[in-house]
Amino acid sequence: MINAETVRAQAAGVSTPPVLELHDVKKSFGGTRALNGVSLSIQPGEVHGLIGENGAGKSTLIKVLCGIVRPDEGAINLAGRPYMPTTPREAKVNGLQVVHQEFNLLPYLSVAENIFIEHLPRNALGIVKRQEMHAGARAALDAIGLSDIDVHWPVERLGIAHRQLVEVARALMTESRILILDEPTATLTARETERLFAIINDLRSRGVSIIFVSHHLDEVFRICDRVTVLRNGETVFSRSIAATSQDELVRAMVGRKLQQQMASEIVSLARPEEALSLVNFRHLQSPHAHGISLRLHRGEILGIAGLVGSGRTELLRAIAAAELPLSGELRLEGAPISFRSPREAINAGIGFVTEDRKEEGLILNMPIAANVTLASLADVSRAGILDAKAEIAVTQRLGAELKLKYGGPGKNAATLSGGNQQKVVLAKWLARNPKVLLLDEPTRGVDVGAKAEIYALIRQFAERGLALLIVSSELPELMTLSDRILVMSQHRVVGELSRPEFSEERILQYAYQGEQQQGRH
Amino acid sequence: MQALEKTQVTETDDTRRLAGWSPKVLLRDAGIGLALLLLIVFFSVSTEHFLTPNNISNILTQITINLILAVGMTFVILIGGIDLSVGSMLAFCAVVGGTVLTIPDLSVFQAVALATLAAIGTGVVCGFLNGWISAFWGLPSFIVTLGMLNIARGAALQVTDARTIYSFPPSFNAFGSQMIFGVPVVFLIALVLVAIAWFVLSKTVFGRLLYGIGNNEEAVRLAGHSLMFYKVAAFTIAGALVGIAAMVYMARLNIASPIIGIGFELNAIAAVIIGGTSLNGGRGTVIGTLLGACITGVLANGLILFGLSDFMRQMITGVVIILAVIIDKYRERLTGV
């Protein structure tokens, strides 16, 4: 009843008190500011879009709201009362449900068990009432139009899109005031997206507020009433969807002032000789027959932009043979070559700085020197016996060159800050003197000062004739470093920009356009 | 001048750290050594016969087999694996070696040389299979070596028809009970193996990469090293050491039976764990394993002299294994990982 009234009140133009209000919420992890003043207000019964670039703070904000992360500062009000959940359970009790981007289903349990996992119907002995559970699950799935799924099936039998919808069904099991959907359409096809939108419309008419996080601007315009843009952990603006445009949103996500940075003219150091080229190069997940073709010259810094999931990391991993490519040609200095293992790629002169430093780049509990020499052990050993003095000498030489701040070559890599850990990874590859260096998110988890140092180092490498291929989600970073930028979307190159053409708007436009053209069939 | 001296000092410090002797590791090994010392003092004071030359050489003889197996086990556990098959493999290696040893018409030297080759060869083949099967199909070594535990035991029974092999050359058995200054020669062999393993693990590229794999397999792979090679090698080394242990067993006890070695794998794992090696891999030293094997040996011997039953002894050994890991957890928390 109250819900119906509020809807009517809204229609009459009377301002109703917001169901959820955030005021200047801040959160830091170590030295990184994830949220730097987020303010947001959600009306009852509205669908509120939340958009921003990768790393703008959307995920952290959701974690704050569902009690996984505690903010450092700021106030949150839920239905007029202070709200600061410390556990996900507390958030649920308060009527706040989240459908997470990554899946939280238990693959070997049945659909029904997954839907009821939080409150299984039990008898006095604590034994699950299976019939009641199955009937309930059936009703829940029917309600969202999933009549074709058998509730007895284990979740692993379902496709990825159906799993996402089962997650939605689970979230709808409890009456919630606010439902947060984190990138809900990322895995859905057009038909299922329609189904989801129908569910959203139904919830809205019942007075439930929905926070809709998405990369797809067209969807935001279709389903949302209002939209809030985050950038660098701050709210840029909140606006009624009727009062804004796609262009305005893209500009807001990017920020105007960044363009001035670009003014500084950097001369390209690219030389005529070709270092690496790809022709119709495909990795295992690539859905496109033509794959990727590109050309990289000695001394050139080629940036690769694109949304998360556009296939950038997979491309680098396939070049380095971390995962073997499916087909296509790779030429190194003009000669066709194929690698069957990372070892062969490395021996041919390819270095690969991975996205995940801690899991793939470093051995944190081993000495810095051991990490620096990990890819060039033959140079610091004789007949298989290590020469510790040579290892220390290499580490000291490269450490000085890269301005590494460290306690000593014998100290463990874990003792270093993020920026210095990344320098150790760079040193590991420099010790091999590679021809091509692939860098995946080279400054992730690195503080601002060290970032600038790493940028300078990358330019130095190019000066020496090293060819660099850089993947980054930070557009200003790519625009500062690159001589050219390729934009990827859905595992294809959808645009190429030379330095004078660089602008965040253009890059994002390519990225989103590619998405729309390719996305849904 | 002073500054120069200072860099000199830190450089040797770095060299030592690179060889795996960080202060933390030294502290850990020293702690285990201290525990061993306390045990020895306790039994020396509380029992009459513990600290006698005879009993000491007795203990050393008793721990020899376990020590050799534990050295091999250290390689496997360092890469994050486990080898449950060493007890059965010991029986298989022994019956193969024993069969060769009793071939008539061979000189003692020929018989012993061929038997040693056969025993080690058998261990190498079994160990290789353990490593290759688990690395090639990406199976947990727990499962693969559990299979090998049964295969090797069955093979040992099959080739001997469940009979015990005996009557080895007398000089071979004399060697098994030989002493040098009251120290059993077989124990000295085990010590030499410990020294070789220490050198390999701390001074060679091979050892460095075993630690690397135990800590972060993917980083080692992406740095251009073949995980397959190192994994197979670790299990093969463990197999070769089982072959050596089998020869020592025959020299000491004068028999080769298909039912020996039952449960030996667990004693070897216990020695490695008490010696401070992490079951997750990547952390531990073979010196720790030596100390761990000594602790289990001293406990077994001392508790019997103390007048406890074999059953009580077994219970106390179990408690010590759990205690060792708990203490290690606290040490880790206090000194930081």
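> Tell me what's going on with the overall build of chain A, and back it up with residues and numbers.
The secondary structure content of chain A amounts to 19 helices and 22 strands. For chain A, the C-alpha atoms occupy an extent of roughly 80 × 55 × 50 Å along the three principal directions. Buried residues in chain A amount to 47% of all 521 residues. Across chain A, every contact between residues at least 6 apart in sequence was considered, and the portion connecting residues at least 24 apart equals 69%.

> Run through the overall build of chain B, naming residues and quoting values.
Along its length, chain B carries 13 helices and four strands. For chain B, whose C-alpha radius of gyration is 21 Å, the value lies close to the compact-globule estimate of 20 Å for 337 residues. In terms of overall dimensions, chain B has a C-alpha envelope of 70 × 55 × 40 Å along the principal axes. Within the span of chain B, comprising 337 residues, buried residues form 50% of the whole.

> Help me get a handle on the sheet that holds strand E11 (residues 274-282) of chain A, residues and values and all.
Residues and elements named next belong to chain A. The antiparallel open sheet is built from four strands, whose spatial order is E12-E11-E14-E15. The open sheet has two free edges, formed respectively by strand E12 (292-297) and strand E15 (335-336), since each of these has just one partner strand. Summarising the sheet, strand E14 (residues 327-332) and E15 pair through two bridges and their orientation is antiparallel. Counted as the bridge partner of Arg-331 is Pro-336 from E15.

> Describe in detail the domain arrangement of chain A, supporting the description with residues and values.
When cut into domains, chain A gives domain 1 (2-95 + 178-255), domain 2 (105-174), domain 3 (258-349 + 434-521) and domain 4 (359-433). For domain 2 of chain A versus domain 4 of chain A, the distance between C-alpha centres works out to 51 Å.

> How would you sum up the packing of helix H5 (residues 108-136) of chain B against helix H6 (residues 141-160) of chain B? Please name residues and give values.
Each pair of packed helices can be described by the angle between their axes along with the distance between the axes. All names here are of chain B. Running from amino to carboxyl end, H5 crosses H6 at an angle of 145°, the nearest separation of the two axes being 9 Å. When you trace H5 past H6, the crossing you get is right-handed. Contacts between H5 and H6 involve Cys-126, Leu-129, Asn-130, Ile-133 and Ser-134 from the former and Ser-141, Val-144, Thr-145, Met-148 and Ala-152 from the latter. For the contact of H5 with H6, the residue count by class is six nonpolar, four polar and no charged.

> Could you give an account of helix H8 (residues 185-203) of chain B, with specific residues and numbers?
Residues three or four positions apart in an α-helix share a direction because the helix packs 3.6 residues into each turn. End to end, H8(B) covers 27 Å across 19 residues, agreeing with the expected 27 Å (1.5 Å per residue, within 8%). Looking at the buried residues of H8(B), the elements they touch are helix H3 (53-78), helix H7 (170-176), strand E3 (183-184), helix H9 (205-222), helix H10 (227-253) and helix H12 (286-305) of chain B.

> Before we move on, could you go through the nonpolar core and cite the residues and values that matter?
Judged by nonpolar contacts, the single largest core of 253 residues is most densely connected at Leu468(A) and Leu90(B). Of the residues forming this core, the biggest block, 17 residues, is contributed by H10(B). Sequence-distant contacts of Leu90(B), that is, excluding residues within four places in its chain, are made with Val242(B), Ala245(B), Ala246(B), Tyr249(B), Ile260(B), Gly261(B) and Phe264(B).

> So what's going on with helix H15 (residues 388-401) of chain A? Which residues, and what values?
Residues and elements named next belong to chain A. Compared with an ideal rise of 1.5 Å per residue, which puts 14 residues at 20 Å, H15 spans 20 Å between its outermost C-alpha atoms and is within 8% of the ideal. Residues Ala-388, Glu-391, Ile-392, Val-394, Thr-395, Leu-398 and Gly-399 constitute the buried set of H15. End-on, the buried residues of H15 take up no more than an arc of 160°, which puts them together on one face.

> Let's hear about the interface of chain A and chain B: which residues, and what values?
Taken together, the contacts link 32 residues of chain A with 27 residues of chain B. Listing elements by their share of the side of chain A that touches chain B, those giving two or more residues are helix H12 (342-347), helix H13 (357-361), helix H14 (368-372), strand E18 (385-386) and H15 of chain A.

> Let's hear about the sheet that holds strand E22 (residues 492-498) of chain A: which residues, and what values?
All names here are of chain A. Taken together, the six strands give an open sheet; going across it, the order is E16-E19-E20-E13-E21-E22, and neighbouring strands pair in mixed fashion. Both edges of this open sheet fall to strand E16 (350-353) and E22, since each of them pairs with a single strand only. On average, each strand axis in the sheet is inclined to that of its neighbour by 20°, with strand direction left out of account.

> Describe the pairing of E16(A), with residues and values.
All names here are of chain A. Every second residue of E16 is oriented toward a common face, with Ile-350 and Phe-352 on one face and Gly-351 and Val-353 on the other, all of them buried. Two elements, E16 and strand E19 (residues 436-440), share four bridges in a ladder whose sense is parallel. Paired with Gly-351 across the two strands is Leu-437, which belongs to E19.

> Account for the confidence of the model for chain A, with residues named and values stated.
All names here are of chain A. Per-chain confidence: chain A averages 86 in pLDDT, with 91% of residues scoring 70 or above. A low-confidence stretch, residues 1-14 (pLDDT under 50), is modelled with 15 contacts involving residues beyond four sequence positions or located in other chains. Predicted confidence for residues 257-263 stays below pLDDT 50, and this span has seven contacts to residues more than four positions away or in other chains.

> So, the environment of Ala91(A): which residues are in play, and what are the values?
Residues and elements named next belong to chain A. As for its placement among the helices and strands, Ala-91 is situated in helix H3 (residues 88-93). The spatial distance from the C-alpha of Ala-91 to the C-alpha of Ile-68 is 9.4 Å, given a sequence separation of 23 residues. Beyond its immediate chain neighbours, meaning those up to four positions away, Ala-91 contacts Leu-65, Cys-66, Gly-67, Pro-85 and Leu-96.

> Got a sec to walk through the confidence of the model for chain B? Specific residues and values, please.
A residue-level look at chain B finds 95% of positions with pLDDT of 70 or above and a mean pLDDT of 91. For this predicted complex, the interface confidence reaches an ipTM of 0.90, while the overall pTM sits at 0.78.

How each quantity is defined
- Residues numbered from 1 in each chain as written.
- Chains lettered and ligands numbered in written order.
- Predicted model: local features only at pLDDT ≥ 70, side-chain atom pairs only at ≥ 80, totals over all residues.
- Helix = DSSP H or I, 4+ residues; strand = E, 2+ residues; numbered from the N terminus.
- Buried ≥ 20, exposed ≤ 12 C-beta atoms within 10 Å, placed from the backbone.
- Contact = placed C-beta atoms within 7 Å.
- Rg over C-alpha atoms; globule rule 2.2 N^0.38 Å.
- Pairing = 2+ DSSP bridges.
- Domains from an automatic or database assignment.
- Axes fitted to C-alpha atoms, helices over the stretch in contact; angles between N-to-C directions.
- Left-handed = near helix turned anticlockwise from the far one by under 90°.
- Nonpolar A, V, L, I, M, F, W, Y, C, P; charged D, E, K, R; others polar.
- Expected span 1.5 Å × (residues − 1).
- Core = buried A, V, L, I, M, F, W, Y, C linked by C-beta atoms within 7 Å.
- Arc of directions from axis to C-beta.
- pLDDT = per-residue confidence, 0-100.

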